[in-house]
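This is what each chain is made of:
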Amino acid sequence: MSKQFEIVGARQLPDNPSRKSEKRCGGKPLFSAIILGAIVAGCLCAGWIAGKDPSYLDLQHYNLPPDKEFLFGTDTMGRDIFSMIWHGGRLSLVIGALSTLISTVIAVIFGAVSGSAPAWLDGLLMRLADIILSVPSLLLVIFLQAFLGKANVLTISMVIGVTGWMSIAKVVRTEVRQIRGSEFVLVSKCMGGGFFHVLWKHLAPNFMASIMFMVVMNVRSAIVAESTLSFMGIGLPVEVITWGSMLSLAEKALLTGSWWVILIPGLFLIVTLMCLTNIGNYLRESGNRRCRNL
């Protein structure tokens with residue numbers, strides 16, 4: 001018997017490569033968060049970082065390449081690009097955050113109403129969301145902005161916000177339908193809790209983690225939409241400095257060989273979008289791992 005059988009201990013199983021890749025992918029995007037934090041801090045402290053007036057037209061120093069006095073050079077109208085980057089980035093980030101706030105509020109209310117409504121009303125609201133979602137968002141933004149007339153920071157934020165809530169609303173509706181029959185929700189309703197009380201106290205804490213990825217990506221999409229509108233000439237006026245309005249001078253910059261006019265604002269915009277994308281992907285993977293653990 002001793003020759004045929006051997007008593008051994010527990011064998012160590014080989015590491016699952018999928019688990020290894022999952023651990024590698026689950027790392028926190030610290031580098032992206034640090035870079036994004038530095039850009040946001042620089043934009044908020046633009047008055048201290050940039051000593052020159054970003055709107056001042058210094059016609060004696062136009063189209064100058066980067067040097068000691070003008071760190072990022074000047075544009076075709078003599079404006080200091082270093083100052084424009086930080087002051088313009090502040091407006092771009094404000095538009096991204098404000099439009100995301102508007103779209104998130106609309107999505108949460110719409111999705112919660114749809115998830116709590118009877119089946120016929122729920123289906124009607126979801127078909128409405130599908131119809132709006134089927135229209136290209138940029139086309140909707142252009143149409144609404146043309147309807148409102150001259151653009152400013154508030155109108156641009158409202159237009160982008162009211163055209164970017166559908167995807168978040170669908171996720172909120174799904175989460176609400178799963179938890180609307182929970183005991184704590186029913187008890188709150190029986191005790192006289194209204195719709196917004198139940199939404200804020202009981203429903204929102206349960207689906208907020210599921211939509212954080214989409215909220216972060218909406219900030220990115222809003223910044224891209226504002227830059228696209230300004231580049232097309234139908235966004236904010238040229239005198240209102242944002243990263244998008246700076247890129248609207250790209251045609252003149254290429255014709256005059258002023259590479260710094262388009263390269264530097266484009267680089268700041270791309271780096272910001274990449275940082276937001278990395279943070280959004282981390283939030284999505286964290287949510288997926290949480291669901292798998294459950």
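Residues numbered from 1 in each chain as written. Predicted model: local features only at pLDDT ≥ 70, side-chain atom pairs only at ≥ 80, totals over all residues. Heavy atoms only, no water.

Can you help me understand the packing of helix α6 (residues 137-148) against helix α7 (residues 153-162) in this one?
Angle between the axes and distance between the axes: these two values describe a pair of packed helices. The geometry of α6 relative to α7 is characterised by a closest axis approach of 9 Å and an angle of 140 degrees between their N-to-C directions. By crossing handedness, the relation of α6 to α7 is classed as right-handed. Contacts between α6 and α7 pair V141, L144, Q145 and L148 from the former with T155, I156, V159, I160 and V162 from the latter. Tallied by class, the residues present in the contact of α6 with α7 amount to seven nonpolar, two polar and no charged. (Axes fitted to C-alpha atoms, helices over the stretch in contact; angles between N-to-C directions. Helix = DSSP H or I, 4+ residues; strand = E, 2+ residues; numbered from the N terminus. Left-handed = near helix turned anticlockwise from the far one by under 90°. Contact = heavy atoms within 4.5 Å. Nonpolar A, V, L, I, M, F, W, Y, C, P; charged D, E, K, R; others polar.)

Looking at this structure, how should I read the nonpolar core?
Taken as a class, soluble globular proteins show a tendency for nonpolar side chains to be buried jointly. If you look at the biggest cluster of nonpolar residues, it comprises 30 residues, and the most contacted ones within it are I85, W86 and W243. Every element with two or more residues in this core is listed here: α2 (30-44), α4 (81-116), α10 (195-232), α11 (243-247) and α13 (259-293). Top element by residues in this core is α13. It accounts for nine residues. Apart from residues no more than four positions distant in its own chain, W243 is found in contact with I39, C43, I85, G88, G89, S92, F268, L269 and T272. If you look at the next biggest cluster of nonpolar residues, it comprises 25 residues, including F110, L125, V198 and F213. (Core = buried A, V, L, I, M, F, W, Y, C linked by side-chain atoms within 4.5 Å. Buried < 20%, exposed > 50% of the residue type's maximum accessible area, 1.4 Å probe, protein only.)

Got a minute to help me understand a nonpolar patch on the surface in this structure?
A surface patch of nonpolar side chains, amounting to about 510 Å² of accessible area, comprises L101, V105, I109, V113, F195 and F196. Counting only elements with at least two residues in the nonpolar patch, the list comes to α4 and α10. When residues of the nonpolar patch are assigned to their parent elements, the largest contribution, four residues, is made by α4. With respect to the helices and strands, the residue I109 is situated in helix α4. (Patch = residues over 30% accessible without salt bridge, like charges linked within 9 Å, V, L, I, M, F, W, Y side chains within 5 Å. Areas by Shrake-Rupley, 256 points an atom, 1.4 Å probe, with all protein chains shown as cover. Salt bridge = Lys/Arg side-chain N within 4 Å of Asp/Glu carboxyl O.)

Whenever I open this one, the side chain of D75 confuses me. Can you help?
Inspection of the secondary structure assignment puts D75 in the loop between α3 (46-49) and α4. At 3.0 Å, the side chain of D75 forms a polar contact with the backbone nitrogen of G78. Excluding residues that lie within four positions of it along the chain, D75 makes contacts with Y62, N63, I81, M84, L249 and V261. (Polar contact = N/O pair within 3.5 Å; in protein donor to acceptor, adjacent residues only side chain to side chain.)

I would appreciate a short explanation of the environment of M84 in the present structure.
Among the secondary structure elements, M84 is positioned in helix α4. When the C-alpha atoms of M84 and D53 are compared, they prove to be 8.3 Å apart, with 31 residues separating the residues in sequence. Here M84 is in contact with P54, D75, R79, G89, I241 and M246, once residues within four sequence places are set aside.

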